[in-house]
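# Tertiary structure, described
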Amino acid sequence: MNIFTTDFFFSIIRIATPILLATLAAVIGEKGGVSNIGLEGIMMMSALFGSLGAYWTGSWLLGLVIAMVVGLIEALLMGFFAFKLQTDIILVGTAVNMIGSGGTIFLVKTISNTVMGQSLTSTTSLITKAHQIPSISIPYVRDIPVVGKVISGHSLLTYIAFLLVIFTIILLYKTPLGLNIRSVGENPNAAASVGVSVSRIRYITIGIGGVLAGLGGAYMSMYYAMGWSLDMVAGRGFIALAAQSMGGGEPVGSMLAALVFGFAQALGIKVSATGVDSNLVAPIPYIVTIISLVLFALNQRRKERKRFAAAA
Amino acid sequence: MSEEYAIQMKGITKVYPNGTMANQDVDFEVKKGEIHALMGENGAGKSTLMKMLFGMEQPTSGEILVNGEKVNLTSPTVAISKGIGMVHQHFMLVPSLTVAENMVLGMVPTKGGFVSDYKKAVQLTREYSEKFNLYVEADARVADIPVGMKQKVEILKALVRGARILILDEPTAVLTSQETAELFTQLVNLKNQGYTIIFISHKLNEIMEITDRMTILRGGRSMGIHETSSVTPQEISRLMVGRDVVLKVEKEEAQPTDEVLRVRDLEYVNDWGKKMLDKVSFSVRKGEILGIAGVEGNGQKELVDMLFGFARPNHGTVEVNGQSVLGLNQRQIREMHVSMVPEDRMIFGIAGTATIEENLISDRCTFPRLNNGPLFNMKAIHEESARLVKDYTVKCKNPHQQVGSLSGGNIQKVVVAREFSNDPQLIIADQPTRGIDVGATEFIRKKLVELSRSGIAVLLISADLNEVMELSDSLIIMCGGKIAAYFEDTRDLTDDLMGKYMLGLERQEADQIRRVCHE
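Residues numbered from 1 in each chain as written. Chains lettered and ligands numbered in written order. Predicted model: local features only at pLDDT ≥ 70, side-chain atom pairs only at ≥ 80, totals over all residues. Heavy atoms only, no water.

Time to look at the pairing of strand E3 (residues 35-40) of chain B. All names here are of chain B. The element E3 is largely enclosed, with a buried count of six among its six residues. Residues of E3 alternate between two faces, with Ile35, Ala37 and Met39 on one and His36, Leu38 and Gly40 on the opposite face, all of them buried. Here E3 runs beside strand E10 (residues 196-200); their pairing, made up of four bridges, is parallel. Looking at E10, one finds that His36 is bridged to Ile198. With five bridges joining them, E3 and strand E11 (residues 213-218) adopt parallel strand pairing. What sits directly across from Met39, in E11, is Ile216. (Buried < 20%, exposed > 50% of the residue type's maximum accessible area, 1.4 Å probe, protein only. Helix = DSSP H or I, 4+ residues; strand = E, 2+ residues; numbered from the N terminus. Pairing = 2+ DSSP bridges.)

Here's what the structure looks like:
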């Protein structure tokens, strides 16, 4: 039995996409000193409203926009509580996550009852192929043997996610806004002392994260699964935080970490499909996570040693 | 007439929301093109006054004029636009960014409005660096540059934003003596170019050396403006603390007895492979103060780390009362009756957000006398902290105040109260009076002498020459990780002679140095 087929590698990218989007939100957030643990909740809320938006407007594009706007609004609200009202941001994030779980099911029941006269517990019955974010078959690339099968044919949002990695690098390292974000994250007093508005930068930081997490949520309900269902994000928002930290907080490293998590989940799915006891399969993603964290730590230590050696 | 003045602060009163009156009817005037000292003990209101001038705080009443024009400084941005720049005591730099990036923070040049023009930032940095003869490495990360250069970056940051008036908050506190000398040259240079400099310090000799005039604050009030050339150090200290500070410490002759601390052939190579300690041997006996002098960075810090279990030597022994301390943790070392006044009180001395009381009992909170079974005996703890606060004259509302809200001198008194009151047999005092006011300094010095005369061994490490010479009974000088000289008696020592050993121009013979082992 061969697990490592082109299908398998294709599925890694497919599975890693929402994690990657949320990871970029975490990367920008941490650079700006905003630890947003509410990404999971934002993804849930955006997933719900993305699918509802697509259903109402009949357009996947408008659904996507609605998901982004919902993510943005939720993130800015978090900012209001955390920065303006001085609530601990971890508490705010926890609240958002609880709303993302319990609040979404409440909303979907209430809204469907009001609008359609029947109480739905998911939006899967509403979403059809027409509401789905389109897949793109890339000309020429798709004809490359092996590689073509792996990287062509993904959702539009997958390609956007990888382009956003480049966008994140440029934003953080090549623009005045990025410099402000990094300086506010590292030493807000220094930024404030030269007239940078710390709170404005923090709102921008968390807002960008909200939009990115919103995209991740939309991907879940409008591509990965057809429609929203309870707790469908299933910890991807938290995995993103782990990926950020595993990637050393840098865009490219964190992207690779997101792919590692994608690999772990894909492997779990693949192995369970071969008929292995599901109790044995369930720990695979976690085992991969532990192994990669150990490898990461070892690598860090080796680098540190090298640096000392170079300095001496 | 008013054009003569760069800054005029008239009748400034500042009352904080918690009721603390930081400044009361203060008049502060700085002439254009002068170096003006702002002096006062810790907690005298210097920082508050300068924060108001830099727009970080607003006065409760009074007015501020800049170049004769009445201004309303609502934020640092406004102050910067009026040509005021501030170099904070704790640097306002972002360590992971380069010097050039720090320089342009908040005013980044761009290519086409969106993408940063880093080259231009570097160019700007070099241009200003050359113009003002303040050398910095534009491309280096701030985390990697020495303290002296960081300070120059701060000065350049203010200049590049168009500052004509510079506020320097205790600029020499973190500098070595060479760096200080260099800074002074540059400040005089700036003054000659027409810049106005406000210099906050409480080091008398520095003030005498470079300032034209001075304003002295005491308890939030101004003690008047004085020409530096027409006041003596004694007058200044009297104005600052309201009594004549005894710069000389009275002490009886030491009667050293048994050896307490025994250090032999200590060697330490740091993580970068540099040998920081090279065959260091000495002993400290009961009833004496052994001073360690030397330019900072010559192994003193590493030595203290070895003695108190923060690092392990590559070679050599450290014994307290005949028992090795190597490999022990700080608690175990404390159980051997070793006390430590750390160099960096904010990091190793206190927990800033904890209360005075909590900090005072932090080394003894497990002792049976402060506990009832698994719970604290709060009555005993209150009694103990109240007694220490009183004995060590810690100025505070009550022992339940956050220790971080006290002035530097009072924070150090909390540290000292804890370290001196736990029945020590050996006290390691590392820069015990650095950056604190004259009153607290005098108190701590007297206490050290008193304790040593009661039979405690004291090891004093200080970069303050005056301090080591006055307090120590005998003295070693460190240079390049080695002991360069040992003086059995400090009474006839001169600065000149010490300077020669500190800078490595001279070194005593090995057998002369070996006498500090008292074998």
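The subject of this paragraph is the state of the cysteines. All names here are of chain B. As enumerated under the stated definition, the model contains zero disulfides over all chains in all. Cys365 supplies the cysteine sulfur nearest to Cys396, a cysteine that is in no disulfide, at a spacing of 20 Å. For Cys396, a relative accessible area of 24% translates into the label partly exposed. Here Cys479 stays unpaired: no disulfide links it, and the sulfur of Cys517, its closest cysteine neighbor, is 19 Å away. The class for Cys479 is buried, based on a relative accessible area of 11%. (Disulfide = S-S within 2.5 Å.)

Size of an interface: often given as the accessible area lost when the parts come together. Residue and element names in this part refer to chain B. Looking at the assigned domains, one finds that chain B contains domain 1 (2-241), domain 2 (246-337 + 423-519) and domain 3 (352-419). The straight-line distance from the C-alpha centre of domain 2 to that of domain 3 is 28 Å. Tallying the contact residues gives eleven residues for domain 2 and twelve residues for domain 3. Between domain 2 and domain 3, roughly 940 Å² of surface is buried when both sides are summed, and carbon and sulfur atoms account for 59% of that area. On the domain 2 side of the contact with domain 3, Arg331, Arg334 and Phe443 bury the most area, a combined 46% of that side's loss. Here domain 2 and domain 3 share one salt bridge between them. Scanning the region where domain 2 abuts domain 3 turns up two residue pairs in polar contact (both at pLDDT 80 or more). At the level of elements, helix H10 (330-335) and helix H15 (438-453) are the ones that each hand at least two residues to the side of domain 2 that touches domain 3. Of all the elements, H15 adds the most residues to the side of domain 2 that touches domain 3, at four residues. Looking at side-chain class alone, the side of domain 2 that touches domain 3 contains six nonpolar, one polar and four charged residues. (Domains from an automatic or database assignment. Contact = heavy atoms within 4.5 Å. Buried area = accessible area lost by both parts, 1.4 Å probe. Salt bridge = Lys/Arg side-chain N within 4 Å of Asp/Glu carboxyl O. Polar contact = N/O pair within 3.5 Å; in protein donor to acceptor, adjacent residues only side chain to side chain. Nonpolar A, V, L, I, M, F, W, Y, C, P; charged D, E, K, R; others polar.)

Okay, the nonpolar core next. Formed by 124 residues in total, the largest nonpolar core has its most connected members in Met39, Ile155, Leu159, Leu187 and Leu190 of chain B. Looking at this core, the element that brings in the most residues is helix H9 (residues 198-224) of chain A, giving eleven residues. Leaving out residues up to four positions away in the same chain, Leu190 of chain B has contacts with Phe132, Ile155, Leu159, Leu166, Tyr195 and Ile197 of chain B. Counting residues in each nonpolar core, the second largest holds 42 residues, with Val389, Leu448, Leu475 and Met502 of chain B among its members. (Core = buried A, V, L, I, M, F, W, Y, C linked by side-chain atoms within 4.5 Å.)

To continue, consider the interface of chain A and chain B. Every contact between the two is made by 20 residues of chain A and, on the other side, 26 residues of chain B. For the pair chain A and chain B, the interface holds one salt bridge. Where chain A packs against chain B, one counts five residue pairs in polar contact (both at pLDDT 80 or more). Taken together, the elements giving at least two residues each to the side of chain A that touches chain B come down to helix H7 (176-186), helix H8 (188-193) and helix H13 (284-311) of chain A.

Now for a nonpolar patch on the surface. On the surface, Leu61, Val65, Val69, Ile73, Leu77, Phe80, Phe81 and Leu85 of chain A cluster together into a nonpolar patch covering about 690 Å² of accessible area. Position of Leu85 of chain A relative to the elements: it lies in the loop between helix H3 (60-84) and helix H4 (89-116). (Patch = residues over 30% accessible without salt bridge, like charges linked within 9 Å, V, L, I, M, F, W, Y side chains within 5 Å. Areas by Shrake-Rupley, 256 points an atom, 1.4 Å probe, with all protein chains shown as cover.)

With that out of the way, let us pick up the sheet that holds strand E24 (residues 482-487) of chain B. Working definition: the strands of a sheet are paired by backbone hydrogen bonds and lie parallel or antiparallel to each other. Residues and elements named next belong to chain B. Ordered in space as E18-E21-E22-E15-E23-E24, the six strands form an open sheet in which the pairing is mixed. The sheet terminates laterally at strand E18 (338-341) and E24, the two strands that pair on one side only. Ignoring strand direction, the axes of neighbouring strands in this sheet form an average angle of 20°. In terms of strand pairing, E18 meets strand E21 (residues 426-430) through four bridges, oriented parallel. In the strand pairing of E21, Val338 is matched with Leu426. (Axes fitted to C-alpha atoms, helices over the stretch in contact; angles between N-to-C directions.)

Glancing now at the sheet that holds strand E14 (residues 275-285) of chain B. All names here are of chain B. The antiparallel open sheet is built from four strands, whose spatial order is E14-E13-E16-E17. Looking at the sheet topology across the chains shown, the edges are occupied by E14 and strand E17 (323-324). Pairing of strand E13 (residues 259-269) with E14 involves seven bridges; the strand directions are antiparallel. Residue pairing for E14: Leu266 is matched across the bridge by Val280. In the packing of helix H9 (residues 300-307) onto the sheet, contacts are made with E13, E14 and strand E16 (315-320), and the angle to E13 comes to roughly 120°.

Looking now at the packing of aromatic side chains. For the structure shown, the criterion picks out 15 aromatic pairs over all chains. On the basis of an interplanar angle of 75° and a centroid distance of 5.8 Å, the ring pair of Phe80 of chain A and Phe81 of chain A is categorised as edge-to-face. Of the residues examined, Phe80 of chain A reaches a relative accessible area of 35% and is grouped as partly exposed. The partly exposed category is assigned to Phe81 of chain A, whose relative accessible area is 39%. The interplanar angle of 70° and the centroid separation of 5.9 Å between the aromatic rings of Tyr392 of chain B and Phe443 of chain B together place this pair among those described as edge-to-face. Of the two residues, Tyr392 of chain B is situated in the loop between helix H13 (378-391) and helix H14 (408-420) and Phe443 of chain B in helix H15; the sequence distance between them amounts to 51 residues. You can call Tyr392 of chain B buried: its relative accessible area is 6%. Stacked on the ring of Tyr224 of chain A, the Lys or Arg Arg236 of chain A has its end atom at 5.2 Å from the ring centre. One residue, Lys413 of chain B, lies across the ring of Phe443 of chain B, its end atom 5.3 Å from the ring centre. (Phe/Tyr/Trp six-rings, centres within 6.5 Å; stacked < 30°, edge-to-face > 60°. Lys NZ or Arg CZ within 6 Å of the ring centre and 35° of its normal.)

Let us now look at the packing of helix H1 (residues 6-31) of chain A against helix H10 (residues 236-246) of chain A. All names here are of chain A. Following both chains from N to C, one finds H1 and H10 inclined at 55°, their axes separated by 8 Å at the closest point. In terms of orientation, H1 and H10 fall into the oblique class. The chirality of how H1 crosses H10 is right-handed. In this structure, H1 contributes Pro18, Ile19, Ala22, Thr23, Ala26, Val27 and Glu30 to the contact, and H10 contributes Arg236, Ile239, Ala240, Leu241, Ala243 and Gln244. Among the residues forming the contact of H1 with H10, the class breakdown is nine nonpolar, two polar and two charged. (Parallel < 35°, antiparallel > 145°, perpendicular 65-115°, else oblique. Left-handed = near helix turned anticlockwise from the far one by under 90°.)

Moving on, we get to the pattern of salt bridges. Pairs can form between side chains of opposite charge once their charged atoms are near each other. Residue and element names in this part refer to chain B. Applying the stated criterion across every chain, the model contains 37 salt bridges over all chains. The shortest N-O distance in the salt bridge between Lys152 and Glu182 comes to 2.8 Å. Taken as a pair, Lys152 in helix H5 (residues 147-160) and Glu182 in helix H6 (residues 177-192) lie far apart in primary sequence, 30 residues in all. A relative accessible area of 35% places Glu182 in the partly exposed class. With a shortest N-O distance of 4.0 Å, Arg387 and Asp391 are connected by a salt bridge. Residue Arg387 and its partner Asp391 are both found in helix H13; the two are separated by four residues, about one turn of the helix. One network of salt bridges, in which partners are shared, links Glu259, Arg262, Arg264, Arg514 and Glu519.

Here we come to H3 of chain A. Residue and element names in this part refer to chain A. End to end, H3 covers 35 Å across 25 residues, agreeing with the expected 36 Å (1.5 Å per residue, within 8%). For H3, every residue scored as buried is listed here: Gly63, Leu64, Ala67, Val70, Gly71, Glu74, Ala75, Met78, Gly79, Ala82 and Phe83. Structurally, H3 contributes buried residues whose contacts are with helix H2 (39-57), H4, helix H6 (156-174) and H9. Gln86, located one to two residues past H3, shows a positive phi value of around 60°. (Expected span 1.5 Å × (residues − 1).)

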